[in-house]
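A closer look at the structure
One-letter residues, chain by chain:
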Amino acid sequence: MRKTLSLLVIAAAAAGLLSFTSAQAAGGIDMTVEPDAISIGALYNGTTVTVKGTIPAASEAVVRFLGAPCELHMKEKGKVFGLVWMNLDSLTFKGIPGVCVVSSAKDFCELTGRNAKGSAAEALRLEGLRRDAQIEAPSGAGNDDCFSELIKLKKGEGLYRELTGNVSYGPVADGNKAFQVEIPVPSRLSPGDYTVEVAAIKDGEIAASGRHKVSVRLAGAPAMLAGLAFGHGALYGILATVIALLSGLAIGMVFKSKGAH
Amino acid sequence: MGIPLHLYLPIAGSSVNLLAILGLGGAVGLLSGIFGVGGGFLMTPLLIMMGIPPTVAAASDSNQIVGASTSGTLAHFRLGNVDFKMGLLLLAGGVVGGTFGVQIIKVLRQMGNADFLINLTYVLMLGTIGGYMFIESIQSMRKVQHEAPAPSKSVYARIIGSLPWQTEFKRSGVRLSILMPLILGSIVGILAAIMGVGGGFIMVPVMVYLLRMPMHVVVGTSLFQILFTCINVTIMQAWENHTVDFVLALLLLIGSSLGAQLGAKLGKKLHGDQLKILLASLVLVVMVRMLYQLLATPDVLLAYTGGH
């Protein structure tokens, strides 16, 4: 039974991938991404990425802002002696993007077509990330519920979001319509390469698609500090301690000079 | 152009509100100055609640405690509240105990269920210390109101009086064997290593009840000892795990150093029993919160590895 289920999942994943690549082959999407490079300076507190382009007139745009797939080491919580909640089994999630913001003009349920569960549009939602994810657990624990819990956790951190209504359309010309979307990029962002994916959905399937890379880099003081912390850990630790000591002494002196006692 | 209220923390990988971090540092620093506890058992969970990764929260908190306890120790030193001799002996014991405790936790982790034992230790320690301090302080306050306490020599006093290498601790006004601070420092070091904290909230009751030190000297001496513990933790965490976010620590430090100065002055105005009853209440509140976390179904059944 489990084997059959695994085969079905693999087949569905393969079909999804094929449909995506064939859609790309069938028709690309003209798009621009502004900005396509984000600098994280000292005052960075999230930003907005604007995506503009055209899609076939009869389709709807679903736009995703995705982080590169990564590994997440976590603990699954469970009850001990049927009484207290504890971190128990270790889990490793593989192939999970650190950030995933999905945008659409309409409610996602309206895009999925008749075959809601298996549709390509459904696969573009947060739950669709399950398709490429792997869960490894030495104890044999880890199941579909764990993935749902991961999405809940990431949503709570503001790193996974599903937004409706932030995609707007322009006039139709030559069978295509213009679209524009403002993607809110979270403040909790790590440097690396991110991807903006646009899929034109028609009857629940991908009619055309396009993607664009967005690079995120540290700049200024954060870049200098991160370089020191990760490149010269011991020196960074000693400097952090000395500065903390001197700051504590300085504040102590200031209070004394004001005649506190 | 307004004043920027957010700052990006490169090690935590997150942006934080400046006023929120300064306020948090100030509030915890105030408690640190009043009670002589590092505040790690309060600050770290609050930082995690603000979205800082647990490992970064714990390590950066140690970094800020270095500054806060420097400021606090200086303030208490000026008030004549630091017993350096006692502090150094407790510190020596704490280093030995801490090293042993780290090995214990390694073995526990290999056996599995280490987290269960850590949490259980937390609840039991906080409950026992907080409960005892609370009851004892109330009894003490009632005695002061009604009658002068009759001097008595308990079994415990006779035992510690019979230990070898008795020496005078002038600042604390007690005569004890040097074995006492060394052994008690080691026990607190073991517990602190298991629980992943500086150990201030365990050390303070140990000094008051087992070393019989006056409360005001306890606070200053505890801060002096915490300073060295946190210097060690900061350097090790930055070197081994790259989890010290110096910008976060500096922001917390600005708030907590100011808070610690005010706390030291406020503490001086309070009676020893009042200080004890306030610290006991704080410890009991944290214990109840931890107990609730253990018993209530969590919102999310997953947690990141690391932190405490």
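Only a predicted model underlies this, so the values are computations on that prediction, with no experimental measurement involved.

1. Observations regarding the overall build of chain B
- Looking only at helices and strands, one finds 11 helices and five strands in chain B.
- Evaluated residue by residue, chain B yields a buried proportion of 56% over its 308 residues.
- Considering only contacts within chain B whose residues lie at least 6 apart along the sequence, 76% involve residues at least 24 apart.
- By element, 69% of the accessible surface of chain B is carried by carbon and sulfur atoms, the whole surface being about 13,300 Å².

2. Some remarks on the interface of chain A and chain B
- Taken together, the contacts link 59 residues of chain A with 54 residues of chain B.
- Summing the contributions of chain A and of chain B, the shared interface buries around 4,900 Å²; its carbon and sulfur component is 70%.
- The interface formed by chain A and chain B contains zero salt bridges.
- Counting across the chain A and chain B interface gives 14 residue pairs in polar contact (both at pLDDT 80 or more).
- Secondary structure elements with two or more residues in the side of chain A that touches chain B: β5 (69-80), β6 (84-97), α4 (144-156), α5 (220-231) and α6 (233-257) of chain A.
- Of all the elements, α6 of chain A adds the most residues to the side of chain A that touches chain B, at 18 residues.
- Of the residues belonging to the side of chain A that touches chain B, the class tally is 37 nonpolar, 13 polar and nine charged.
- In this structure, β5 of chain A lies alongside strand β5 (residues 302-304) of chain B, joined through three bridges in antiparallel fashion. In the sheet register, Met 74 of chain A faces β5 of chain B, and the bridge partner there is Tyr 304 of chain B.

3. Things to note about the pattern of salt bridges
Residues and elements named next belong to chain A.
- Using the criterion set out here, one finds 14 salt bridges over all chains in the structure.
- Where Glu 60 meets Lys 177, a salt bridge forms, and the shortest distance between an N and an O atom there is 4.0 Å. Here Glu 60 is found in strand β4 (residues 60-67), whereas its partner Lys 177 is found in strand β11 (residues 176-185), with 117 residues between them in sequence.
- Classification of Lys 177 as buried rests on a relative accessible area of 10%.
- Across the salt bridge formed by Glu 136 and Lys 94, the nearest N and O atoms sit 3.0 Å from each other. Placement of the pair is Glu 136 in strand β8 (residues 134-136) and Lys 94 in strand β6, with a sequence separation of 42 residues.
- Accessibility expressed as a relative area gives 36% for Glu 136, which makes it partly exposed.

4. A few points about the packing of aromatic side chains
- By the definition in use, this model includes six aromatic pairs over all chains.
- Between Phe 84 of chain B and Phe 224 of chain B, the ring centres sit 4.9 Å apart and the planes meet at 85°, which makes this aromatic pair edge-to-face. Of this pair, Phe 84 of chain B sits in helix α4 (residues 84-111) while Phe 224 of chain B sits in helix α9 (residues 215-240), and the two are 140 residues apart along the sequence.
- One Lys or Arg, Lys 177 of chain A, reaches over the ring of Tyr 169 of chain A and ends 3.9 Å from the middle of that ring.
- Over the ring of Phe 169 of chain B we find Lys 85 of chain B; its NZ or CZ atom is 5.1 Å from the centre of that ring.

5. Considering unusual backbone geometry
Residue and element names in this part refer to chain A.
- The residue after Glu 34, namely Pro 35, is reached through a cis peptide bond having omega -5°.
- Take Pro 35: it is sitting in the loop between β1 (30-34) and β2 (37-40).
- Positioned with a positive phi, Asp 203 is a non-glycine residue whose angle comes to about 55°.
- Here Asp 203 lies in the loop between β12 (192-202) and β13 (205-218).

6. Re the confidence of the model for chain B
- The pLDDT averaged across chain B works out to 81; a share of 89% of its residues lies at or above 70.
- Complex prediction metrics read pTM 0.75 and ipTM 0.78.

7. Let's talk about a nonpolar patch on the surface
- A grouping of Phe 81 and Leu 83 of chain A together with Leu 291 and Leu 295 of chain B is seen on the molecular surface, where their side chains present a nonpolar patch of about 440 Å² in accessible area.
- If you trace the backbone, Phe 81 of chain A turns up in the loop between β5 and β6.
- Residue Phe 81 of chain A is classed as exposed on the basis of its relative accessible area, which comes to 73%.

8. Quick look at empty space enclosed by the protein
Residue and element names in this part refer to chain B.
- Here the structure, examined in full by the defined rule, presents two cavities of 30 Å³ or more.
- Size it by volume and the largest cavity reaches roughly 40 Å³.
- Forming the walls of the largest cavity are Gly 33, Ile 34, His 76, Leu 79, Asn 81, His 216, Val 219, Ala 264, Gly 267, Lys 268 and Leu 275.
- Of all the secondary-structure elements, those providing two or more residues to the lining of the largest cavity are α1 (18-35), α9 and α10 (246-269).
- Taken together, the residues that form the lining of the largest cavity break down as five nonpolar, five polar and one charged.

9. Some words on the side chain of Ser 172 of chain B
Residue and element names in this part refer to chain B.
- Within the element layout of this structure, Ser 172 appears in the loop between β3 (166-169) and β4 (174-177).
- Among the residues examined, Ser 172 registers a relative accessible area of 4% and is labelled buried.
- Here Asp 83 takes part through its side chain, which lies 2.4 Å from a polar atom of the side chain of Ser 172.
- Setting aside chain neighbours within four positions, we find Ser 172 in contact with Asp 83, Met 213, Pro 214 and Val 217.

10. Side note on the sheet that holds strand β10 (residues 167-173) of chain A
Residue and element names in this part refer to chain A.
- With antiparallel pairing, the four strands of this open sheet are ordered in space as β1-β3-β11-β10. Since the sheet does not close on itself, it has two edges, and those belong to β1 and β10, each with one partner. Within the sheet, the average angular offset between the axes of one strand and its neighbour, ignoring direction, is 15°.
- Pairing of β1 with strand β3 (residues 47-56) involves five bridges; the strand directions are antiparallel. Within β3, the position partnered with Met 31 by the bridge is Gly 53.

Scoring rules and cut-offs
Within any chain, residue numbers begin from 1 and follow the written order of that chain's sequence. Chain letters start at A and ligand numbers start at 1, both assigned in the order the entries are written. Given that the model is predicted, a residue must reach a pLDDT of at least 70 before its local features are reported, and side-chain atom pairs must reach 80 or more before they are shown or counted; all residues, however, enter totals for whole chains, interfaces and linings. For side-chain calculations, the full set of non-hydrogen atoms in the structure is used, while hydrogens and water are omitted. Runs of H or I in DSSP of at least four residues are treated as helices and runs of E of at least two as strands, each being numbered from the N terminus. With a 1.4 Å probe rolled over the protein chains alone, any residue whose accessible area is under 20% of its type maximum counts as buried; one over 50% counts as exposed, and the rest are partly exposed. The criterion used for residue contact is that any of the two residues' heavy atoms lie within 4.5 Å. Residue burial considers only the protein chains on display, and all accessible areas are found by Shrake-Rupley using a 1.4 Å probe. Defined in terms of a 1.4 Å probe, buried area is the accessible area two parts forfeit on being brought together, summed over both. In what follows, salt bridge is the name for a side-chain nitrogen of Lys or Arg lying within 4 Å of a carboxyl oxygen of Asp or Glu. Whenever two N or O atoms come within 3.5 Å, that pair is a polar contact, provided that in protein one can donate a hydrogen and the other can accept it, and provided that, for residues adjacent in sequence, both atoms are side-chain atoms. The nonpolar class holds Ala, Val, Leu, Ile, Met, Phe, Trp, Tyr, Cys and Pro. Asp, Glu, Lys and Arg form the charged class, and all remaining residues, Gly among them, are polar. Strand pairing is assigned whenever DSSP detects at least two bridges linking the two strands. Note on aromatic contacts: the rings of Phe and Tyr and the six-membered ring of Trp form a pair at centre separations within 6.5 Å, being stacked when their planes are under 30 degrees apart, edge-to-face when over 60 apart, and tilted otherwise. Sitting over a ring, as applied to charges here, requires NZ of Lys or CZ of Arg to be within 6 Å of the ring centre and within 35 degrees of the ring normal. As a per-residue measure, pLDDT tells how confident the predictor is, with possible values from 0 to 100. Residues enter patches when their relative accessible area tops 30% and they take part in no salt bridge; the joining distance is 9 Å for like charges and 5 Å for the nonpolar side chains Val, Leu, Ile, Met, Phe, Trp and Tyr. Definitions used throughout: a 1 Å grid over protein atoms alone; a cavity as a set of points that fits a 1.4 Å probe which cannot get out; a pocket as an open set with protein on both sides within 12 Å along at least five of seven lines; a lining residue as one with an atom within 4 Å of a point. Grid points are joined across faces, edges and corners, and a volume is the space filled by probe spheres set on the points. A fitted line through C-alpha atoms serves as each axis, taken over the contacting stretch for helices, and the angle formed by two N-to-C directions is quoted from 0 to 180°.

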